Amino acid sequence: MSSQGEDTEGQGPETALPSSSCTDCDTTGGDVITVTVGATVPTGFEHTAAEEVKEKIGVDARISKDRGRIYFPITTDKLFQVHLLRSVDNLFVVVQEYEHYQFSESKEETLIDLQQLASKLPWTNALEVWKLNSTLKKKKGHRRGGNGSKGKPNSEAHDATAVDNEQQELPQASPTAEGQSDVEPTAQTDTCSQDVEEATPEAKVIKFRVTCSRAGDKHSFSSNEAARDFGGAVQEFFEWKADMTKFDIEVLLNIHNNEVVIGIALTEESLHRRNISHFGPTTLRSTLCYGMLRLCKPQASDIILDPMCGTGAIPLEGAIEFHNSFYIAGDNNDMAVNRTVNNICHIQKRRADKGSASGLPIDTVQWDLCNLPIRTSSVDIIITDMPFGKRMGSRKKNWDLYPSCLREMARVSRPGSGKAVLLTQDKKCFAKAISRMGGLWRKLHTVWVNVGGLHAGVYLLKRTGALFGQTPEDVYESRGPVERQEKDDTELS
Ligand SMILES: C[S@@+](CC[C@H](N)C(=O)[O-])C[C@H]1O[C@@H](n2cnc3c(N)ncnc32)[C@H](O)[C@@H]1O
């Protein structure tokens, strides 16, 4: 990692401008270069994401101080695989990183420094990767109506870009991750609405925007000012055209205290939108669902329950990614059940359209979680996102709901091996409910996550061997005389 003032050779615009005839380039036939890729991931699941990178790409990822980001090296022949990762939201290629950037005292000086930085950065490799990324997308024969056309939930545009395991579409350029603090793209005039892909080579002008995300309280400038001044210098250096909505390239300026990373986005919209076409009020990101699923390590033929499935985000991600298990998605709300059914049908249809006959191992039911139509001790894993009592349900109702649902979950789980992964922000109520379960559940691990700005816990619980419905006295009585004697002896000693 280099620091400000290091001799980083500036590259002329002519070397950086994407070639107009790159559609015939072999995506891996050119020179293989090594670059650093950055990924935004659900906060709390950085280690899970690093684990996935190691498993699928075979490299070690570095977890940034800036929570919710990881960095890893790739050779350009692995670029396609990077888009298949399930735990990452947005991807970007790093132009330059400064671990200890020395910000000047005054705002004016800092902004001038940022302007001067633009022409000193080593842009070439990152732009090559951006170009290759666009080429991969074109090779897929996937065209959308220009960059920056973010699909809305439930819209056809969104549906057309949703991806699953079977065919990953490569996006174009990207917005930054959600949930970042103080993120502002530069807005400059949009006088040309011509689609770059339709223009003749000589008429092509690269459109770009700079998005700055800033966190830290010791900065004399806002993210908007940094994006504006750095963006102005980038525009001048490359002779690109600024366009906030229909951009070809999104340059990212990430500032976290005195760590500065400049990158180029490789995803147009967050990869967490891949499965859901029918959103609900509290739809969970598929990337977070993936992290939760990994926590409980599904095994072949496991029966996995999401008893409060909402739109079905968790079981759907499971049925796609851990498809050797069987998923049951239930909810007491008929609208939620309908949304889940629609989301499942949507993915099934997409698969069928692509010629795949395989169905998803998932079923949907309307039920009350406190009274499940399921046999005692028959479920391997329960994984669910409980009502926080903020946007869904109420804090008051949680005091009744949480103990009832933990008890019913304990009833259907296999004693001794059953697991539960439960997400909630109502930590106090959850802790109290667990303490009242008479030792049916044991807490193994907690991952702290950020869900829509709320600090929530993902609790990994293990079902103990205690049989459901037994009081501690029952458990004692059910032991044989020898076992009882041993216990009495232990207690006496
Ligand atoms: C936080 S939401 C789940 C959101 C879901 N993970 C998604 O991605 O859409 C909680 C869900 O619990 C459901 N719920 C609340 N009480 C329930 C009960 N007693 N039985 C079944 N479902 C219940 C609500 O209808 C709601 O859909």
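Procedures and definitions
- Residues numbered from 1 in each chain as written.
- Predicted model: local features only at pLDDT ≥ 70, side-chain atom pairs only at ≥ 80, totals over all residues.
- UniProt positions renumbered as here; feature names shortened; annotations may be inferred.
- Near = placed C-beta within 6 Å.
- Nonpolar A, V, L, I, M, F, W, Y, C, P; charged D, E, K, R; others polar.
- Buried ≥ 20, exposed ≤ 12 C-beta atoms within 10 Å, placed from the backbone.
- Helix = DSSP H or I, 4+ residues; strand = E, 2+ residues; numbered from the N terminus.
- Pairing = 2+ DSSP bridges.
- Axes fitted to C-alpha atoms, helices over the stretch in contact; angles between N-to-C directions.
- Contact = placed C-beta atoms within 7 Å.
- Left-handed = near helix turned anticlockwise from the far one by under 90°.
- Parallel < 35°, antiparallel > 145°, perpendicular 65-115°, else oblique.

The name given to the chain in an unreviewed UniProt entry is THUMP domain-containing protein, and the organism recorded there is Sphaeramia orbicularis. On record in UniProt, under Sequence similarities (unreviewed entry), the comment for the chain is "Belongs to the methyltransferase superfamily."

A.B. asks: Help me out: how do you make sense of the site of the ligand in this one?
C.D. replies: Lining the immediate surroundings of the ligand are 22 residues, of which Met308, Gly310, Thr311, Ala313 and Leu369 lie closest. A class-by-class count of the residues in the shell around the ligand yields 11 nonpolar, 8 polar and 3 charged.

A.B. asks: What is the right way to read the pairing of strand β4 (residues 90-98) from this model?
C.D. replies: In summary, the side chains of a regular strand alternate between the two faces of the sheet. Most of β4 sits inside the fold, with 7 of its 9 residues counted as buried. Relative to β4, strand β1 (residues 34-40) runs antiparallel, the two sharing 4 bridges. What sits directly across from Thr40, in β4, is Asn90. Bridge count for β4 against strand β9 (residues 259-265) is 6 bridges, and the pairing is antiparallel. Pairing of Glu97 across the sheet is with Val261, part of β9.

A.B. asks: In this structure, what is going on with unusual backbone geometry? I would like to understand it.
C.D. replies: Negative phi is the rule for most residues except glycine; trans is the rule for most peptide bonds. Residues other than glycine seldom take positive phi values, yet Glu239 does so here, at roughly 60°. You can see Glu239 is positioned in the loop between α7 (223-238) and β7 (241-242). One non-glycine residue, Ser301, lies in the positive phi region at around 70°. Mapped onto the elements, Ser301 comes out in the loop between α8 (286-295) and β10 (303-306).

A.B. asks: Please explain the sheet that holds strand β16 (residues 454-463) as it appears in this structure.
C.D. replies: Two pairing modes exist for strands in a sheet, parallel and antiparallel, and in both the strands are linked by backbone hydrogen bonds. Read from one edge of the open sheet, 7 strands run β12-β11-β10-β13-β14-β16-β15, paired in mixed fashion. Sheet topology places β12 (362-366) and β15 (441-451) at the edges, where each strand pairs with a single neighbour. Going from strand to strand, the sheet's axes swing by 15° on average, the running direction of each strand aside. Of the pairings in the sheet, the one linking strand β14 (residues 419-424) to β16 comprises 6 bridges and is antiparallel in character. Note on β16: the bridge partner recorded for Ala420 is Leu461. Packed on one face of the sheet, helix α9 (residues 313-321) meets β10, β11 (326-331), β12 and β13 (381-385) and runs near 170° to β11.

A.B. asks: Honestly, the packing of helix α4 (residues 107-120) against α7 in this entry has me stumped. Any pointers?
C.D. replies: The relative placement of two packed helices comes down to the angle between their axes together with the axis-to-axis distance. It is at 8 Å that the axes of α4 and α7 come closest, and there the two elements cross at 30°. The interaxial crossing formed by α4 with α7 has right-handed handedness. For the pair α4 and α7, the contacting residues are Leu111, Leu114, Gln115, Leu117, Ala118 and Ser119 in the first and Glu225, Ala226, Asp229, Phe230, Gly232, Ala233, Val234 and Phe237 in the second. Looking at side-chain class alone, the contact of α4 with α7 contains 9 nonpolar, 3 polar and 2 charged residues.

A.B. asks: How should the pairing of strand β8 (residues 249-256) be read in this particular structure?
C.D. replies: Of all the 8 residues making up β8, 7 are buried; the element is thus mostly covered by neighbouring parts of the structure. Sheet topology places strand β6 (residues 207-215) next to β8; 8 bridges connect them, and they run parallel. The partner of Val210 across the bridge, within β8, is Val251. Alignment of β8 against β9, held across 6 bridges, turns out to be antiparallel. Each bridged residue has a counterpart across the sheet, and for Leu252 the counterpart in β9 is Gly263.

A.B. asks: Explanation requested: the packing of α8 against α9 in the structure shown.
C.D. replies: Axis separation between α8 and α9 bottoms out at 9 Å; the angle between their running directions is 70°. In terms of orientation, α8 and α9 fall into the roughly perpendicular class. Relative to α9, α8 is oriented so that their crossing is right-handed. Residues Ser286, Cys289, Tyr290, Met292 and Leu293 of α8 touch α9, and the partners they reach there are Ala313, Ile314, Glu317, Gly318 and Glu321. Its residues assigned to classes, the contact of α8 with α9 comprises 6 nonpolar, 2 polar and 2 charged.

A.B. asks: Would you mind going over the environment of Gln348 with me for this structure?
C.D. replies: One can find Gln348 in helix α10 (residues 334-353). The spacing of Gln348 and Leu360 is 12 residues in sequence and 7.1 Å in space, taken between C-alpha atoms. Residue contacts for Gln348: discarding those within four places in its chain leaves Gly359 and Leu360.

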